[in-house]
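Each chain is listed here by its residues.
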Amino acid sequence: MTAPRIRVRFAPSPTGELHVGNARTALFNWIFARHCGGAFLVRIEDTDRARTTGAFEANLLDDLKWLGIDWDEGPGMDGPYGPYRQSERIDLYRDCLGRLIAEDRVYPCYCTEGELDAERADLVARRMMPRYMGRCRRLNEAQRRGLADEGRLPVWRFRVDAGAIAFDDLIRGSMAFQGDAIGDFIIVRSNGIPSYNFAVVVDDHFMEISHVIRGEDHLSNTAAQLLLYRALGFSPPVFAHHALLLGKDRAKLSKRHGAVSVREFRRRGILPEVLLNTLALLGSSFGSGREVVSAGEIVEGFALERTGRGGAVFDEEKLLWLNGVYIRRLELAALTDRLIPFILSAGYDERSFGRDRLESIVAAVRDSLPTLADIGGLLEIFSDERYRIDEEAALLLREDDAKAVLSELYGVLDRGGDPGETAAPGVPADAAGISEPFAALMKRISERTGMRGKKLYLPIRAAVTGRLHGTELDRIFALLSPASLRKRVEKALALA
Ligand code: GLU
């Protein structure tokens, strides 16, 4: 007998931005499929019409692509198991509901929201598990008609019998739930729209999903879903519930912990390979403890059982650190290309720098780039229009010692080369590098003013960059024209 084909799915609800926790679920499914040579599909769970939007769906798919996750079937990739949007599969759910009605596995429930709220409150007050207690379970035809005549629209509820529901989870081992703790749950709402638990079972069955890999917050849903598999005569897939992403306080990762959507990290200039690497390896033990691992290596070494049973703590600082590591490892030209969208969105025309100069600037600042978006602030140093002196620097520049150093520097610059040249006067960017001539220049100023160390460098840094911290001064000097160096020193000297 041949083993059934591996088919897994990511089934997002497009009701918001893609949360990193959900992206991690998508990743596990995708990696698992790629590792086993199976199929990975994306199914859009858009039955919540009020909260679903086309824009969320488009962003979500775009974010998956950005992360490098491709799908074999799904939106834009029609396959034999489509359609891949639940809103386009309503007839299928209706057919399955018909079967359950015919077999008396479901019943119409006419309870109003108010009645259900009261029941819930009563159970909570009696310290019992809130669930539907089956008021409409045994209504006869006449009673049903009476309630319908009052204008009540029924939902369809599944009859849950007492007894254990057990299954083996690939990550968590044996699991068991009690039927009477679940209560008769809704499978189709009064507007004919299926509930999540119902639609997901019908879809996973007809799409021949072999493994359902999702967060452990779905464990109790799995118990309800297994009852539906049984009632419909479908054989269930293998389940694997992975641990959730947690914040540093070990609570489920949410907005109050900071950025949580893929889009936010993307906007801030986190590299997709860094997010992928972090999400896949966090809390898992198949990465052999290494920090920098490529998607190919992750796919190769992946083991679902080793994705970790404890929650995985998402540490933004570590993500930023790793991003910096990856940025420093990129080829200069590739890094420059990836920075261009961020340069544009910071309001610069990247062509105004010229490609060679831009690459030299990137080479000079790449060590100070935890994220790609940080390029915006760093470019200010290299743009005469954006150059400004911050308060800290201005304070220092007002001191007499600082003025003495700058007057000396100004003298040297004034005697120097043509304005408009790319290298600073007396500081040629020769093949031996710029440090030597820069050091000579500093030495000269030091000798004439008697200033050394910070007393010498800080005023120069403050005047030339407008700030007290940042990239090495020699590299900045080599990237500014004599004219712009002169203008900056003039401005600094003019501070009263
Ligand atoms: N639409 C569900 C969610 O986003 C899918 C859960 C599942 O994988 O079954 O949570």
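For the structure, see preceding data.
Residues take numbers from 1 onward in each chain, read along the sequence in its written order. Under the rules for a predicted model, residues below a pLDDT of 70 receive no local features and side-chain atom pairs below 80 are neither given nor counted, while totals for whole chains, interfaces and linings still include all residues. Water and hydrogen atoms were dropped before computing side-chain values, which therefore reflect all heavy atoms in the structure.

**Q** Report on helix H10 (residues 272-281), specifying residues and quantitative values.
**A** Since the α-helix packs 3.6 residues into each turn, any two residues three or four apart lie on the same face. A large share of H10 lies buried, amounting to 9 of its 10 residues. Exposed residues in this analysis have more than 50% of their type's maximum accessible area, buried residues have under 20%, and partly exposed residues fall in between, with area computed by a 1.4 Å probe over protein chains only. Labels follow the DSSP assignment, with helices taken as runs of H or I lasting at least four residues and strands as runs of E lasting at least two, numbered in each case from the N terminus. Taken as a whole, H10 has its buried residues at Pro272, Val274, Leu275, Leu276, Asn277, Thr278, Leu279, Ala280 and Leu281. Directly beyond the C-terminal end of H10, a positive phi value near 75 degrees is found at Gly283.

**Q** Hey, could you go over the side chain of Ser210 for me, with residue numbers and the actual values?
**A** In this structure, Ser210 sits in the loop between helix H7 (196-206) and strand E8 (211-215). Classification of Ser210 as buried rests on a relative accessible area of 13%. Any two residues whose heavy atoms approach within 4.5 Å at even a single point are treated as in contact. Not counting the four nearest positions on each side in its chain, Ser210 is found in contact with Arg5, Ile6, Arg7, Pro237 and Val238.

**Q** Let's hear about the environment of Ser87: which residues, and what values?
**A** Within the secondary structure, Ser87 is located in the loop between helix H2 (54-67) and helix H3 (90-102). On a C-alpha basis, the gap between Ser87 and Leu253 in space is 29 Å, while along the polypeptide they are 166 residues apart. Sequence-distant contacts of Ser87, that is, excluding residues within four places in its chain, are made with Asp46 and Arg49. Engagement of the side chain of Ser87 in a polar contact is seen with the side chain of Asp46, the distance being 2.6 Å. Distance and chemistry together define a polar contact, namely a pair of N or O atoms within 3.5 Å, with one atom able to donate a hydrogen and the other to accept it when in protein, and with adjacent residues in sequence counting only for side-chain atoms on both sides.

**Q** Give me the lowdown on the pattern of salt bridges, citing residues and values where you can.
**A** The term salt bridge refers to a side-chain nitrogen of Lys or Arg lying within 4 Å of a carboxyl oxygen of Asp or Glu. For the structure shown, the criterion picks out 43 salt bridges. One salt bridge connects Glu115 with Arg152, and the closest N-O pair in it is separated by 2.9 Å. Pair noted here: Glu115 is in helix H4 (residues 113-125) and Arg152 is in the loop between helix H5 (141-149) and strand E4 (155-158), with a separation of 37 residues, a long-range link. The closest approach of N and O atoms between Arg355 and Asp337, which form a salt bridge, is 2.9 Å. Placement of Arg355 in helix H14 (residues 355-365) and of Asp337 in helix H13 (residues 332-345) is noted, with a sequence separation of 18 residues between them. Residue Arg355 is classed as partly exposed on the basis of its relative accessible area of 34%. One continuous salt-bridge network, built from bridges that share partners, spans Arg9, Arg43, Glu45, Arg89, Asp203 and Asp204.

**Q** Explain the site of the ligand to me, and be specific about the residues and the numbers.
**A** Residues in close proximity to the ligand include Arg9, Ala11, Ser13, Glu45, Tyr196, Val200, Arg214 and His218, which together make up its full environment. Side-chain polar atom of Ser13 to a nitrogen atom of the ligand: 3.0 Å apart, as the coordinates give it. Tyr196 places a side-chain nitrogen or oxygen 2.6 Å from an oxygen atom of the ligand. Surface burial for the ligand is 82%, taken as the share of its 300 Å² of free accessible area covered by protein chains. Here the residues of the shell around the ligand sort into 3 nonpolar, 2 polar and 3 charged. Neighbouring residues are identified by heavy atoms, a residue being near a molecule or strand if any of them is within 4 Å of it. Residue exposure ignores everything except the shown protein chains as possible cover, and the areas themselves are Shrake-Rupley values with a 1.4 Å probe. Each residue is assigned to one of three groups, with Ala, Val, Leu, Ile, Met, Phe, Trp, Tyr, Cys and Pro labelled nonpolar, Asp, Glu, Lys and Arg labelled charged, and all others, Gly among them, labelled polar.

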